[in-house]
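Each chain is listed here by its residues.
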Amino acid sequence: MLKVALGNTNISVSPVGMGVLPIGPEQLALPVDDGADIICHAVKQGINFIDTAQYYRTYPYIKRALEIMEASGEESTRRAADNLIICSKSLSAGYDGMMSAIREAMAELDRSFLDIFLMHEVRTGGFEERKGAWQALIDARSSGLVRAIGISTHHIDVTMQMAGIPECDVVFPLINYASMGIRRGSEAGTCDEMLEAIRACRNAGKGVFTMKVFGGGNLTENYQKALNYVFSKEEIHSVMIGFGSKSEIDDIISYLDGTMQPDYNPDTSHKKMRINQEDCEGCGSCMKVCASKAIFYNKNGLAEIDQSRCLTCGYCSYACPVRAVIRY
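Since the model is a prediction, treat every value here as computed from it, not as a measurement. Along each chain, residue indices are assigned from 1 in the same order as the chain's sequence is written. It should be noted that, the model being predicted, local features are given only for residues of pLDDT at least 70 and side-chain atom pairs only at 80 or more, the latter also being counted only at that level, while totals for whole chains, interfaces and linings use all residues. The basis for the side-chain values is all heavy atoms of the structure; hydrogens and waters are excluded.

A. Geometry of the overall build of the protein. Where helices and strands are cited, they refer to DSSP runs of H or I of at least four residues and of E of at least two residues respectively, numbered from the N terminus. Helix and strand counts for the protein come out as 12 helices and 16 strands. Along the longest, intermediate and shortest principal axes, the C-alpha atoms of the protein span 55 × 45 × 40 Å. Taking all 328 residues of the protein together, 56% fall into the buried category. The contacts in the protein between residues at least 6 apart in sequence include a share of 72% that link residues at least 24 apart. When the accessible area of the protein is evaluated, it comes to approximately 13800 Å², of which 48% is carbon and sulfur surface. In this tally, Lys and Arg are treated as positive and Asp and Glu as negative; His is ignored, and so are the chain termini. Where a charge lies is defined by one atom per residue type, namely NZ (Lys), CZ (Arg), CG (Asp) and CD (Glu). Across the protein, the 33 positively charged side chains and the 40 negatively charged ones have centroids separated by 2 Å. Each residue gets one of three labels from its accessible area relative to the maximum for its type: buried under 20%, exposed over 50%, partly exposed in between, using a 1.4 Å probe on protein chains only. Note on contacts: a residue pair is in contact if any heavy atoms of the two residues lie within 4.5 Å. Per-residue and other accessible areas follow the Shrake-Rupley method at a 1.4 Å probe size, with only the shown protein chains counted as cover for residues.

B. Just the nonpolar core, in detail. Ranked by internal contacts, the top residues of the largest apolar core, which has 92 residues, are Met18, Ile39, Ile102, Ile116, Phe117, Trp134 and Ile175. Among the elements that make up this core, the one with the highest residue count is helix α4 (residues 95–109) (7 residues). When residues no more than four places from it in sequence are discounted, the contact partners of Ile39 are Met18, Val20, Ile23, Ile50, Tyr61, Ile62 and Ala65. One finds Cys286, Ala294, Ile295 and Ile305 within the second-largest nonpolar core, a separate group that totals 17 residues. Nine residue types can take part in a nonpolar core, namely buried Ala, Val, Leu, Ile, Met, Phe, Trp, Tyr and Cys, and a core is a set of them joined through side-chain atoms within 4.5 Å.

C. Highlighting the packing of aromatic side chains. Classification of ring pairs uses Phe, Tyr and Trp, with its six-membered ring standing for Trp, and accepts pairs whose centres are within 6.5 Å; under 30 degrees between planes counts as stacked, over 60 as edge-to-face, and the remaining range as tilted. Across all of its chains, the model carries 7 aromatic pairs by this definition. Relative to Tyr223, the ring of Phe214 has its centre 5.2 Å away and its plane inclined at 10 degrees; by these criteria the two rings are stacked. Taken individually, Phe214 and Tyr223 each receive the classification buried, so the pair is uniform in this respect. Ring centres of Phe231 and Tyr255 lie 5.8 Å apart, and the angle between their planes is 45 degrees; this geometry places the pair in the tilted category. With Phe231 in helix α9 (residues 223–231) and Tyr255 in helix α10 (residues 246–256), the pair connects residues that are 24 residues apart, well separated along the chain. Three or more aromatic residues link up through ring pairs in this structure, and these residues are Phe49, Phe172 and Phe209. In this structure, Arg274 is placed above the aromatic ring of Tyr328, and the distance from its NZ or CZ to the ring centre is 4.4 Å. A ring has a charge above it when a Lys NZ or an Arg CZ is no more than 6 Å from the ring centre and no more than 35 degrees off the ring normal.

Below you can see the structure in the form of structure tokens.
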């Protein structure tokens, strides 16, 4: 698979990356060896870009995959492991918390440096509120602990802001054709507005890779339409997709190499609506639109879905302001 230069970072990545959240404790909770096997499969298919985060708790999967590939008798596999680009991120707001998150990732991945580290999920006004964390990233890059730094965000205004931040190397925004999860401040935003902000970042030399092409799994029935949208945008260097199985990886490879049948859509009949407890803020927006009354507050004051009542209509996912409602 051909690699793409990620802005001005001197880092080259595959046009599609593997998000490892789905294999981890927050979603499928696969055994470590099983999840590592999926990562190895992705790498063998030419994917060299992996996305994780401190709160995903998926470092053990990546470390195990690296161990398997390094122990392989295949020179090409060992070389692929050595060239794997890993991006991680942290929600930490302060200097010490961010620096601790960086060192934690290095220790758990058994790496002497990290390729990319980001401030995770920056919201409107959040960049200024997390100046300590940003300074930690700058210092970590200066000392060789990190090669490139940046932010992940669902917000148009934050993405546009990064175009004017010289220290920012990469931006990881949310975009999909249905505008699901895109925010402008406290309001919903559009994919056209986000694309404009992404374009500003690309023109400023930032590396741009994007998330939520399927809107948290809710657009998978329009699989090729969703992929056509993001892969047709020259402003986007790479598209990060969460994979939970080898077949999902095979599907994206088939799409990229042009062998996929034009009417193909993956089977989603087994997928259910779920609420990521790490992301939910208990605002109740999902409950207000749920006609079947399938959503309730659990003992932690967070939203949860009664699967016996859920119709899998997806309206709750559109209503959630923080993209906590996903389908898998």
